[in-house]
Structure formats: C-alpha cells, structure tokens
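Examining the three-dimensional arrangement
The primary structure of each chain is shown beneath.
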Amino acid sequence: NGNNTVVLNGNGTQEISGDSSFHFYQLVIDKNAGDLTLYQSIDVINDLVFNAGNLDLNNYDLNLGITGSLINESSGSKILNTFGLVKATRLFSGTSISNDQAGLGFYIQTSNNFSFTDIKRGHTEQTGAGDGSVKRYWDLSPSNTGLSVDAIKLHYFHDDLDGIPQNELSFW
C-alpha cells in the first residue's frame, strides 16, 4: 500500500505466490542471476523497472492498470512466457506515435478519441501468420469502435523474431 518500492535482487529464482492478491506501487527487478517467477497474477500501479533479470509470467498476468508502465525492458531483462499477459488500459485521444503505451512496445497515432482502450501484450508466436510471427502480439479493445488509426509502430526484441528475417515481417 502507499507509494512504496519493492526491490527484488539476489542470485536465485524468486517467486510471488500466495492466497492474497499483490498490489505493488513500484516493483524493481535487479537480479544478478535467476528470474522472478509468478505463481499468481499481480498489479503494478506505477512502474515495473527492469535493471537486471527476467520476469517469468508462468501463465499468470501482470496488470498495469491505467497508470503502470514497464521501464527499461530489454532483451537481457524482460518478460518471459508463452502464456500469461501484460495488461494496461490507456486513453487514446489525439495520441502521438512517439508515445510507447505503458512501455508495452506499442505506439499508436490517432486524431480520434478512442476513450479508454484495453491493451494486452502476449509473448507467443501467432498461428495463421504465413510462415510464423514474432513471439509477441498485442490485442486492443477500444471502448469506442469504428474509429480510424493514423499509424502504428511496434517494438520487439531480436530474439522475438525466432529466425524470421525482419524485412519479411508484415501486419496481419
């Protein structure tokens, strides 16, 4: 509760589990070795900061709500998992392509008012995408539908390509 920061560091695997829900204001992953593994879904109200080490969703969800963001996620310190989602809700109203929404690697430009939009980022290859896809996807659920998007930009890591040449990627 409050505006506290929890720092997880050390060399072994650490886990978040239990019967009660966990709500963090700011969570910092700063591990020399081992990962942080979830055994239940968690909420991060402000920032999830990646200094070193990975977060294994382990089929659970990370909820960033309307204010939380991923900070400093990189190919060496990132979210792992085949299943489990990172979720955020953002207000899209005249947004600029330069704004990374909740640090999810999703950029949108629109002059329309989408109102609040739920964003879900997953970390698995999508089927039906020709010869495969990057190991990352985004699902959007705007509260206002039928509006146009001016531009979208997506950020992923090189190892998310899974051997697919970057110049062969396309939206589908």
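We now turn to the structure provided with this report. Fair warning: this is a prediction, and the values are worked out from it, not measured in the lab.

1. A closer look at the sheet that holds strand β4 (residues 36-38)
Overall, parallel pairing links the 4 strands, which are arranged β2-β4-β6-β9 in an open sheet. Edge strands, defined here as strands with exactly one partner in the open sheet, are β2 (14-16) and β9 (79-80).

2. Things to note about the pattern of salt bridges
For the structure on display, the rule yields 3 salt bridges. Close ionic contact of Lys-87 with Asp-61 constitutes a salt bridge, the shortest N to O distance being 3.1 Å. Separated by 26 residues along the polypeptide, Lys-87 in strand β10 (residues 86-93) and Asp-61 in the loop between β6 (55-56) and β7 (62-63) bring together distant segments of the chain. Of the residues examined, Lys-87 reaches a relative accessible area of 28% and is grouped as partly exposed.

3. Considerations on the side chain of Arg-90
Topologically, Arg-90 is positioned in strand β10. Asp-47 is the oppositely charged side chain nearest to the buried, salt-bridge-free Arg-90, at an N-O distance of 7.4 Å. Within the local environment of Arg-90, its side chain forms a polar contact with the backbone oxygen of Gly-68, the two atoms lying 2.2 Å apart.

4. Looking at the nonpolar core
Among the nonpolar cores identified, the biggest contains 26 residues, and Leu-48, Leu-55, Leu-62, Leu-64, Leu-70 and Leu-104 are the most heavily contacted of them. Only β3 (22-31), β4, β5 (42-52), β10 and β11 (106-109) provide two or more residues apiece to this core. Among the elements that make up this core, the one with the highest residue count is β5 (4 residues). Beyond its immediate chain neighbours, meaning those up to four positions away, Leu-48 contacts Leu-27, Ile-29, Leu-55, Leu-62, Ser-69, Leu-70 and Ile-71.

5. So, the environment of Gly-163
By secondary structure assignment, the location of Gly-163 is in the segment after β14 (151-154). Judged by relative accessible area, which is 74%, Gly-163 ranks as exposed. Once the C-alpha coordinates of Gly-163 and Ser-21 are considered, the two residues, 142 residues apart in sequence, prove to be 38 Å apart.

6. Overview of unusual backbone geometry
Although it is not a glycine, Asn-58 sits at a positive phi angle of roughly 55°. Relative to the helices and strands, Asn-58 is located in the loop between β6 and β7. Residue Asn-58 is classed as partly exposed on the basis of its relative accessible area of 23%.

7. Regarding the packing of aromatic side chains
What characterises a pair of aromatic rings is the spacing of the ring centres plus the angle enclosed by the ring planes. For the structure shown, the criterion picks out 1 aromatic pair. A centroid spacing of 6.0 Å and a plane angle of 10° characterise the contact between Phe-22 and Phe-24, whose relative ring orientation is stacked. For Phe-24, a relative accessible area of 11% gives the class buried. The ring of Tyr-107 has Lys-153 sitting right over it, with the charged end atom 4.5 Å from the ring centre.

Analysis parameters
- Residues numbered from 1 in each chain as written.
- Predicted model: local features only at pLDDT ≥ 70, side-chain atom pairs only at ≥ 80, totals over all residues.
- Heavy atoms only, no water.
- Pairing = 2+ DSSP bridges.
- Helix = DSSP H or I, 4+ residues; strand = E, 2+ residues; numbered from the N terminus.
- Salt bridge = Lys/Arg side-chain N within 4 Å of Asp/Glu carboxyl O.
- Buried < 20%, exposed > 50% of the residue type's maximum accessible area, 1.4 Å probe, protein only.
- Lys, Arg positive; Asp, Glu negative; His and termini not counted.
- Polar contact = N/O pair within 3.5 Å; in protein donor to acceptor, adjacent residues only side chain to side chain.
- Core = buried A, V, L, I, M, F, W, Y, C linked by side-chain atoms within 4.5 Å.
- Contact = heavy atoms within 4.5 Å.
- Phe/Tyr/Trp six-rings, centres within 6.5 Å; stacked < 30°, edge-to-face > 60°.
- Lys NZ or Arg CZ within 6 Å of the ring centre and 35° of its normal.

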